[in-house]
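# Survey of secondary and tertiary structure
Each chain, written out:
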Amino acid sequence: MTRYLSDSAMDRLREAADVPDLSGTRYQLVEKLGQGGMGGVFCVEDTELERRVALKVISVPDADGMLSARLLQEARVIAKLEHPGIVPVHDAGVLSDGRPYYTMKLVQGKRLDEYLGTTANLSDRLRIFLRICDPVAFAHAHGVLHRDLKPANVMIGPFGEVLVMDWGLSKLLQTVEATGQGEDRKTGDVHANSTTQLTAHGSVLGTPGYMAPEQVRGDAGLDQRADVYSLGTILQFLIADASPVPKAMAAIGKKATATDAVERYQTVPELASDVAHFLDGLSVNAYPEGPLGRAWRWIRRNQVWILLLLAYVLARTLLIFWRPR
Amino acid sequence: MNKALLGLLLGGILGVLDGLSAWFTPAVRNQLLGIVIGSTVKGLICGVLIGFFARKVNSLALGIVFGLGIGLLLAYAVAAMQPGPNHYYFEIMLPGGIVGTIIGYATQRFGEGPQAATR
């Protein structure tokens, strides 16, 4: 007689098999934090430093070792990008079952899409956006393309720190000189030999709705403008419930997400500069304005000055004509 | 330009203009020079005090309140020193308070604060 395991029993077996064997490491499992396409992320206790960190390990079959190489390369890319807006990698190694892992700072915050419920102010949201641009621009300056920027990959920490997460799809953009070794690493994907839009598991690299058209098409030679597009979609996400969306801001979002990469902002700093100009009440490149528009913007930008000077002139004028009896 | 210097300059310029506005009052036109000098000195003192406050306290609201207070206080002192039965408190304190507010706002928004200590 054949006996089958129940679904719940199967789920428990899967969970048990998914739990990494941390014997032989300095880490003790605390809890599972999440599951990505190729690996799971766990909260573990670092027994030597007595602190909790996040540990990422592959949790799907990896017969050809491609995912292992990708995970290790991801860790190396993140380790290279030392920036306050990028989660630092602490350690990397191999578990007793042969699976590679790396540990990183445990971020206890909210994802951007969850965080937005707590701040409806457009200026606050745009300041957060500028802080998302910083690490991305930093990564580009170091020859790394993120390729999977979306609200779910941005974390807002408990002290308001903004962190760009999940560099698992990142790509080395340019020839980058390896520090201290005098050798060059050629342009290539972080995912080992993957040069197409498909992984070994047949999933699209990136997230539909946030990917640049050229990334969806699988064009060779993606550049930083693909991340500019994704940032543009994040910007549109941030301003979506503003009513009405200021025309200049809408124009910035439109330019950042132009279908043709040539019509977009060519770099992240260009996009960030326009957003910062908007916040400061200055003109933006994406939205040419006429003399009336310029005058109105100047008045709004200097309204306190204008009110104070008007108050002074009014007071003086009143005093000239006012005579006490 | 540091905040104290900005306050000093702004106080001086507004003080001169404030004093010159006495020209529109025929009754005191013959005392214009003295009024301009007094107003300028008042502006300079007001400006430097508010400028120093802005170096110590980084708050737009507090800067404006402090500027208004100093402007009113110095204007009150000037009015109280006026000879004769009429002290013109209202005529002197109203613009004085507004000038202090303007300097308070300007020194909080503009001008360099003190540099962080470096080794």
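Shown above is the structure to which this text applies.
Now for a description of the structure that goes with this document. (Residues numbered from 1 in each chain as written. Chains lettered and ligands numbered in written order. Predicted model: local features only at pLDDT ≥ 70, side-chain atom pairs only at ≥ 80, totals over all residues. Heavy atoms only, no water.)

## Considerations on the overall build of chain B
- Along chain B, the regular secondary structure elements total 4 helices and 0 strands.
- In chain B, the succession of helices and strands from N to C terminus is α-α-α-α.
- If you line up chain B on its principal axes, its C-alpha atoms span 60 × 20 × 20 Å.
- Taking the contacts inside chain B whose residues are at least 6 apart along the sequence as the reference set, 71% of them involve residues at least 24 apart. (Helix = DSSP H or I, 4+ residues; strand = E, 2+ residues; numbered from the N terminus. Contact = heavy atoms within 4.5 Å.)

## Focus: a nonpolar patch on the surface
Residue and element names in this part refer to chain B.
- On the surface, a cluster of nonpolar side chains totalling about 730 Å² of accessible area is made up of M1, L5, L8, L9, I13, V16, L17, L20 and L44.
- Considering each element in turn, the nonpolar patch owes the most residues, 7 residues, to helix α1 (residues 3-20).
- Within the secondary structure, L44 is located in helix α2 (residues 32-56). (Patch = residues over 30% accessible without salt bridge, like charges linked within 9 Å, V, L, I, M, F, W, Y side chains within 5 Å. Areas by Shrake-Rupley, 256 points an atom, 1.4 Å probe, with all protein chains shown as cover. Salt bridge = Lys/Arg side-chain N within 4 Å of Asp/Glu carboxyl O.)

## Quick look at the sheet that holds strand β1 (residues 27-35) of chain A
Residues and elements named next belong to chain A.
- The 5 strands are arranged β1-β2-β3-β5-β4 in an open sheet whose pairing can be described as antiparallel. Of all the strands in the sheet, just β1 and β4 (89-94) have a single pairing partner and so form its edges. Pairwise comparison of adjacent strand axes, ignoring direction, gives a mean angle of 25° for this sheet.
- Pairing of β4 with strand β5 (residues 100-105) involves 5 bridges; the strand directions are antiparallel. Residue pairing for β5: D91 is matched across the bridge by T103. (Pairing = 2+ DSSP bridges. Axes fitted to C-alpha atoms, helices over the stretch in contact; angles between N-to-C directions.)

## Considering the packing of α2(B) against helix α3 (residues 60-80) of chain B
Residues and elements named next belong to chain B.
- Contact geometry for α2 and α3: axes closest at 10 Å, N-to-C directions at 155°. Relative to α3, α2 is oriented roughly antiparallel. When the axes of α2 and α3 are compared, the crossing they make is right-handed. Two secondary-structure elements touch here, α2 through K42, I45, C46, L49, I50 and F53 and α3 through L62, G63, F66, G67, I70, G71, L74, A75 and V78.
- Partitioning the contact of α2 with α3 into residue classes produces 11 nonpolar, 3 polar and 1 charged. (Parallel < 35°, antiparallel > 145°, perpendicular 65-115°, else oblique. Left-handed = near helix turned anticlockwise from the far one by under 90°. Nonpolar A, V, L, I, M, F, W, Y, C, P; charged D, E, K, R; others polar.)

## A closer look at the environment of B:Y76
Residues and elements named next belong to chain B.
- Considering the arrangement of structural elements, one finds Y76 in helix α3.
- Overall, the relative accessible area of 43% leaves Y76 in the partly exposed class.
- Residue contacts for Y76: discarding those within four places in its chain leaves Y89 and M93. (Buried < 20%, exposed > 50% of the residue type's maximum accessible area, 1.4 Å probe, protein only.)

## Looking at the sheet that holds strand β8 (residues 154-156) of chain A
Residues and elements named next belong to chain A.
- Strand order across the open sheet formed by 3 strands is β6-β8-β9, with antiparallel pairing between neighbours. At either end of the open sheet lies a strand with only one pairing partner, and these are β6 (110-111) and β9 (162-164).
- Across 2 bridges, the pairing between β6 and β8 is antiparallel. Bridged to K110 within β8 is I156.

## Concerning the pattern of salt bridges
All names here are of chain A.
- Within this structure, the stated rule accounts for 13 salt bridges over all chains.
- Its salt-bridge partner being E45, residue R52 comes within 3.3 Å of it at the nearest N-O pair.
- Given a relative accessible area of 47%, R52 falls into the partly exposed group.
- Its relative accessible area of 22% is what places E45 among the partly exposed residues.
- The salt bridge involving E74 is made with K56; its shortest N-O contact spans 3.1 Å. One end of the pair, E74, is in helix α2 (residues 66-80); the other, K56, is in strand β3 (residues 51-58), and 18 residues separate them in sequence. For the pair E74 and K56, one class covers both residues: buried.

## Things to note about the nonpolar core
- By size, the foremost hydrophobic cluster in this structure holds 57 residues, and its most contacted members are A:L112, A:F129, A:I132, A:L231, A:I252 and A:L271.
- Considering every element that reaches this core, the biggest residue donor is helix α4 (residues 122-141) of chain A, with 9 residues.
- Counting contributing residues per domain, this core is built from domain 1 (8-105) and domain 2 (110-170 + 199-279) of chain A, each supplying no fewer than three.
- Once residues lying within four places of it in the same chain are set aside, the contact partners of A:F129 are A:L231, A:I234, A:L235, A:L238, A:L271 and A:V275.
- With 15 residues, the next largest nonpolar core counts B:I70, B:I98, B:I102 and B:Y105 among its residues. (Core = buried A, V, L, I, M, F, W, Y, C linked by side-chain atoms within 4.5 Å. Domains from an automatic or database assignment.)

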